[in-house]
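# Close look at the chain arrangement
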Amino acid sequence: MMMDGRVALVTGAAGDLGEAAAVRLAADGASVAVCDLPARTDALAAVVEACRSANPAASVTMATFDVTDPRSVEEALALVIDQIGVPDAVYNNAGYQGLFANTVDYDVEDFRRVQDINVTGVFVVLRACANALLAIGRPGAIVNAASMAALGGPPNMVAYAASKAAVLGLTKTAAADLAPNRIRVNAVSPAFIGPGMMWDRQVELQAATPSQYYGDDFETVAAQMIDQVPLRRYGTANEVASVVRFLLSDDASYLTGVNIEIAGGAS
Ligand SMILES: NC(=O)c1ccc[n+]([C@@H]2O[C@H](COP(=O)([O-])OP(=O)(O)OC[C@H]3O[C@@H](n4cnc5c(N)ncnc54)[C@H](O)[C@@H]3O)[C@@H](O)[C@H]2O)c1
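Residues numbered from 1 in each chain as written. Predicted model: local features only at pLDDT ≥ 70, side-chain atom pairs only at ≥ 80, totals over all residues. Heavy atoms only, no water.

Moving on, we come to the pairing of strand β6 (residues 183-190). Burial runs high along β6: 8 of the 8 residues are buried. What you see with β6 is no split at all: Ile183, Val185, Ala187 and Ser189 on one side and Arg184, Asn186, Val188 and Pro190 on the other are buried throughout. As paired strands, strand β5 (residues 140-145) and β6 are joined by 6 bridges and run parallel to one another. Residue pairing across strands places Ala141 opposite Arg184, the latter belonging to β6. The sheet contact formed by β6 and strand β7 (residues 259-262) spans 4 bridges and is parallel. The residue bridging Ala187 from the neighbouring strand is Asn259, located in β7. (Buried < 20%, exposed > 50% of the residue type's maximum accessible area, 1.4 Å probe, protein only. Helix = DSSP H or I, 4+ residues; strand = E, 2+ residues; numbered from the N terminus. Pairing = 2+ DSSP bridges.)

Shown next, in the form of structure tokens:
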């Protein structure tokens, strides 16, 4: 199978996109560590079961840590390495959308929190996993979760847009720094992926936050968002998982430092 012999680590695995990717990687033969905050342990246990149902032969383990806390990341990674080996297929997926408010009203503390989770968290996990690969001299692949919000300037999302643009810069530099060690680093930028928490939350909060760009009820805003997408539908978590699996696999062996837009043609 496509990911036989590989060891995957997925952060934010209790969430929609993380779960879909973890299940896909297990189904394709990878050993998988599903990771999220300690508060998401029950949801993670269900993801472990889903991975095992997809492939009863797969080794699946769970790890809990806060991506912004380097010590908890390194301690959890050491346990993962003991259980299933050094991850060589890392999906740096944990993220937080932040509040919805006009730039001039946006809360500074929440702005910092969004950067901490979405940028520092990606950096901390990437750094720990890359160092673990360097220690054993093995190649690997890392995919960072960016977003079309990095490129499209979505209203009322200044912290999130800034954080995802930072992920694109981080990805390019990490790709250059790690290329000599055969560790590839790429990014994915989904647009509107649903149904699910982040899609529903975005539609609800755009509807509740005044702007000239969107209406003020769920159905109107959902339709306005879909109208921005040439394929005229939102994407599915499985459609993101397919691209992530491709970038983590040897099929993408000559790709590093790229960002794949998963956006139904939206820009
Ligand atoms: N769903 C979309 O439409 C969409 C679009 C573009 C980008 N993205 C990005 O894809 C990723 C996953 O999105 P999703 O829709 O699955 O979101 P989600 O909210 O369902 O899942 C995010 C997960 O990250 C975890 N998390 C948050 N803070 C954390 C921390 N400090 N430490 C560890 N884990 C933490 C949460 O507990 C949650 O399980 C995010 O980075 C998001 O920004 C999603």
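What follows continues from the structure just given.
On to the site of the ligand, then. Residues in contact with the ligand amount to 25 residues; listed here are only the nearest, Leu17, Asp36, Arg40, Asn93 and Tyr160. Note that an oxygen atom of the ligand is positioned 2.6 Å from one of the side-chain N or O atoms of Tyr160. Ile193 has a polar backbone atom sitting 3.1 Å from an oxygen atom of the ligand. When the free accessible area of the ligand is taken as 820 Å², the share hidden by the protein chains comes to 94%. Broken down by secondary-structure element, the contributors of at least two residues to the shell around the ligand are α1 (16-27), α6 (158-178) and α7 (197-208). Residues that form the shell around the ligand fall into these classes: 15 nonpolar, 5 polar and 5 charged. (Near = heavy atom within 4 Å. Polar contact = N/O pair within 3.5 Å; in protein donor to acceptor, adjacent residues only side chain to side chain. Areas by Shrake-Rupley, 256 points an atom, 1.4 Å probe, with all protein chains shown as cover. Nonpolar A, V, L, I, M, F, W, Y, C, P; charged D, E, K, R; others polar.)

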